[in-house]
Amino acid sequence: MIDQTAHLSKRQLVALRKQGEIVFGGHRKHKIYGTLICKGAKRWIAKGHYVKQRVFFNSEKEALEYGYRPCAQCMPKEYITWKASRFCTNSRSQKSGD
Ligand SMILES: [Zn+2]
């Protein structure tokens, strides 16, 4: 995970993207990750609120390992899968009656 992205210049970020080090963007506080072209994220960035909370991942696996969940807006399929897997785990821990 690439943290403290506010210290990186735009040029450095572009270079990291090209190297494949940055594939997904995430919000540290909300623990959500999504594509780099996410409209929802861009709206936040435009407002200037997001930049300090912005983190980057080089894979979906990495994001999930850090406990981030997929963005429902730009990754709806992944979000549904994530939600379903969570639901399965929760329902499995419940005891089923006879
Ligand atoms: Zn998104």
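Residues numbered from 1 in each chain as written. Predicted model: local features only at pLDDT ≥ 70, side-chain atom pairs only at ≥ 80, totals over all residues.

Enquirer: Before we move on, can you summarise the nonpolar core with the specific residues and values?
Expert: In terms of nonpolar packing, the biggest core is built from 12 residues, these being I22, F24, I32, Y33, V55, F56, F57, A63, Y68, C71, C74 and M75. For this core, the elements supplying multiple residues, two or more each, are β2 (32–35) and β3 (54–57). The biggest single contributor to this core is β3, with 3 residues. Residue contacts for M75: discarding those within four places in its chain leaves G34, T35 and P70. (Core = buried A, V, L, I, M, F, W, Y, C linked by C-beta atoms within 7 Å. Buried ≥ 20, exposed ≤ 12 C-beta atoms within 10 Å, placed from the backbone. Helix = DSSP H or I, 4+ residues; strand = E, 2+ residues; numbered from the N terminus. Contact = placed C-beta atoms within 7 Å.)

Enquirer: Before we move on, can you summarise the sheet that holds β3 with the specific residues and values?
Expert: An order of β3-β1-β2-β4 is seen for the 4 strands of this open sheet, with the pairing classed as mixed. What marks the edges here is a single partner per strand, and that holds for β3 and β4 (69–70). Sheet topology places β2 next to β4; 2 bridges connect them, and they run parallel. In the sheet register, I32 faces β4, and the bridge partner there is R69. (Pairing = 2+ DSSP bridges.)

Enquirer: Run through unusual backbone geometry, naming residues and quoting values.
Expert: The phi dihedral of K31 is positive, around 55°, even though this residue is not glycine. Residue placement: K31 occurs in the loop between β1 (24–27) and β2.

Enquirer: So what's going on with the confidence of the model for the chain? Which residues, and what values?
Expert: Mean pLDDT over the chain: 85, with 87% of residues reaching 70 or higher. Least confident of the elements in the chain is helix α4 (residues 76–93), whose mean pLDDT is 79; most confident is β4, at 96. (pLDDT = per-residue confidence, 0-100.)

Enquirer: How would you sum up the pairing of β2? Please name residues and give values.
Expert: In this sheet, β2 lies alongside β1 in antiparallel orientation, the contact comprising 4 bridges. Each bridged residue has a counterpart across the sheet, and for G25 the counterpart in β2 is G34. Adjacent in sequence and paired antiparallel, β1 and β2 are bridged by 4 residues, among which K31 carries a positive phi angle near 55°.

Enquirer: Please set out the environment of D3 residue by residue, giving values where relevant.
Expert: With respect to the secondary-structure elements, D3 resides in the segment before α1 (10–19). Note on D3: 11 C-beta atoms within 10 Å, which makes it exposed. C-alpha separation for the pair D3 and G26, spaced 23 residues apart in sequence, amounts to 9.7 Å.

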